[in-house]
Amino acid sequence: GKPMRESLGEMAYSASFLEWFSEEARRVYGDIVPPPANDRRILLLKQPVGVASIITPWNFPSAMITRKVGAALAAGCTVVVKPAEDTPLSALALAKVNFLFWFGWFCLCCFCSHQISHQCPQMLSRDPPEGAHFYATSCFLQLAEQAGIPPGVVNVVPCSREKTPSVGQVLCTDPLVAKISFTGSTATGKVLLRMAADTVKRVSMELGGNAPFIVFDSADVDSAVGGAMASKFRNSGQVLHQISDAVSQGAKVLKGGKRLDGSFMEPTLLTDVTADMLCTTEETFGPLVPVIRFETEEEALAVANAANVGLAGYFYSQDVGQIWRVAEALEVGIVGVNEGLLSTPEATFGGVKQSGLGREGSKYGIDEYLEVKYMCYGGLKP
């Protein structure tokens, strides 16, 4: 589980996506384009892609669902949610709390504005693959109906760790699924991309990252320390193997480095770190701060951009020219300048390189669940 403060923060954060996309639903605009000839009119229509498979991780078990499902329903898509096998209850509890509160009036707007795909029930009615076990709670479905969501529009499919591969295969290969949205590791994302390729599905992926945190000479150091604590020490996990690897290659443990009671780990500061150690090449889930010294701006950017992933990057500086140079040069999808907490429903979330495809949140998040259809209305009298 999470500390209570982080848990309460995530619930507010998850609700904010439902509020945001409930308002964005009415702004899914098409276009009327000036035609090349006066005997026709050109219209660009936006329509839902169809059934969306939503596959979410354990570390933000509520917010990752609402960030995806909120956009999908706002676009007019039906969804099948597969929560992480470690945190299925969050998805089911979410149906009772956030979904029930927001979706009642939100869905009326979505469903009246868009053509809804009704293929989810057809897909779920098929026999599951051998060894797979599907279930969804009748309580969830009843609450969804009470909130005004038509039956079969929102579906939850929890499963055990052993059944996850077979369930995931169905969600990524079934011909009735038009869209896949996944948050998780880069390795798993590549597997899902290969599955989706045979039927050429729309895919958005929020995959792994290893966000650089750069502190330049002009930075407010106290502010940088606070930003590092906020951005790097949330959702901490197991990092002992990264510490052992770094120490074996010459790094020094300046502070911490030991396991505490239970699953807790001391906040750890490593010095004399090099760019080829695991702590700089693997995604870190834990309170670990590996410090690499640099002399020039170019050197700092070279280290930061050496990774094959690029989700987020942070830097602290008071030099305005440097701020623009570094922000534009960092090979990431999200940049924090003198700020450690960045996520908000109003802005995009997503990475570059092997950190994923597409964007979530903001006014662009709905586009991941929409197709643009060109309609030419001809035969008009000039």
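Residues numbered from 1 in each chain as written. Predicted model: local features only at pLDDT ≥ 70, side-chain atom pairs only at ≥ 80, totals over all residues. Heavy atoms only, no water.

Moving on: the nonpolar core. Counting residues in each nonpolar core, the largest one holds 31 residues, and the members touching the most others are F21, I54, V69, V79, I366 and Y369. Contributing elements (two or more residues each) for this core: helix 1 (4-24), strand 3 (51-55), helix 2 (63-75), strand 4 (79-82), helix 3 (88-113) and strand 5 (154-156). For this core, the element with the highest residue contribution is helix 2, accounting for 9 residues. Counting 16 residues, the second largest nonpolar core, distinct from the first, contains I55, L171, A196 and L207. (Core = buried A, V, L, I, M, F, W, Y, C linked by side-chain atoms within 4.5 Å. Buried < 20%, exposed > 50% of the residue type's maximum accessible area, 1.4 Å probe, protein only. Helix = DSSP H or I, 4+ residues; strand = E, 2+ residues; numbered from the N terminus.)

Further remarks concern helix 11 (residues 297-304). Restricting attention to buried positions, one finds in helix 11 the residues E297, A300, L301 and A304. Projected down its long axis, helix 11 carries its buried residues within an arc of 95°, all on one side. On its buried side, helix 11 packs onto strand 8 (213-215) and helix 12 (320-329). (Arc of directions from axis to C-beta. Contact = heavy atoms within 4.5 Å.)

If you trace the 3 strands from one edge of the open sheet to the other, you get 9-10-11, paired in mixed fashion. Strands at the two margins of the open sheet, each flanked by one partner only, are strand 9 (252-255) and strand 11 (288-290). The average undirected angle you get between the axes of adjacent strands in this sheet is 30°. Where strand 10 (residues 268-271) lies against strand 11, 3 bridges are found, and the strand directions are parallel. Bridging from a neighbouring strand, L269 pairs with V289 of strand 11. Helix 9 (residues 240-248) contacts strand 9, strand 10 and strand 11 of the sheet and is inclined by roughly 25° relative to strand 10. (Pairing = 2+ DSSP bridges. Axes fitted to C-alpha atoms, helices over the stretch in contact; angles between N-to-C directions.)

Counted under the stated rule, the structure contains 5 aromatic pairs. Centroid distance Y13 to F17: 4.9 Å. Interplanar angle 70°. Geometry classified as edge-to-face. In this pair, Y13 and F17 are both assigned in helix 1, 4 residues apart and thus about one turn of the helix distant. Both residues of the pair, Y13 and F17, belong to the buried class. Through pairs of rings, three or more aromatic residues link up here, namely F213, Y314 and Y316. Positioned above the aromatic ring of F349, the side-chain terminus of R67 is 4.2 Å from the ring centre. It is K179 that lies over the ring of Y369; its NZ or CZ is 5.0 Å from the centre. (Phe/Tyr/Trp six-rings, centres within 6.5 Å; stacked < 30°, edge-to-face > 60°. Lys NZ or Arg CZ within 6 Å of the ring centre and 35° of its normal.)

Tracing the sequence through the fold places E297 in helix 11. Discounting residues that sit within four places of it in the chain, E297 has contacts with F216, Q322, R325 and V326.

On to the sheet that holds strand 17 (residues 370-377), then. Strand order in the open sheet made by the 3 strands is 1-2-17, with antiparallel pairing throughout. The sheet terminates laterally at strand 1 (31-33) and strand 17, the two strands that pair on one side only. On average, each strand axis in the sheet is tilted by 25° relative to the strand beside it, whichever way the strands run. As paired elements, strand 1 and strand 2 (residues 41-48) share 3 bridges and run antiparallel to each other. The residue bridging I32 from the neighbouring strand is L43, located in strand 2.

Moving on to the environment of L301. Residue placement: L301 occurs in helix 11. The class of L301 is buried, set by a relative accessible area of 12%. Along the primary structure L301 and L330 are separated by 29 residues, whereas in three dimensions their C-alpha atoms are 6.7 Å apart. Ignoring anything within four residues of it in the chain, the contact list for L301 reads V326, A329 and L330.

Mapped onto the present numbering, the UniProt feature "active site" (unreviewed entry) falls at E206. Within the secondary structure, E206 is located in strand 7 (residues 202-206). E206 sits in the buried class, given a relative accessible area of 10%. For E206, the contacting residues outside a window of four places in its chain are M64, R67, F182, T183, G184, L311, F349, S355 and E360. Reaching out from E206, the side chain makes a polar contact with the side chain of R67 at a distance of 2.8 Å. (UniProt positions renumbered as here; feature names shortened; annotations may be inferred. Polar contact = N/O pair within 3.5 Å; in protein donor to acceptor, adjacent residues only side chain to side chain.)

Here we take up helix 8 (residues 221-232). In this model, helix 8 (12 residues) spans 16 Å end to end at C-alpha, consistent with the 16 Å of a helix rising 1.5 Å per residue. Among the residues making up helix 8, those that are buried are A224, G227 and S231. In an axial view of helix 8, the angular spread of the buried residues amounts to 60°, which keeps them on one side of the axis. Where helix 8 is buried, its residues touch strand 8 and strand 13 (312-316). Here helix 8 starts with a cap whose side-chain oxygen sits 3.2 Å from the backbone nitrogen of D222, and that cap is D220. (Expected span 1.5 Å × (residues − 1).)

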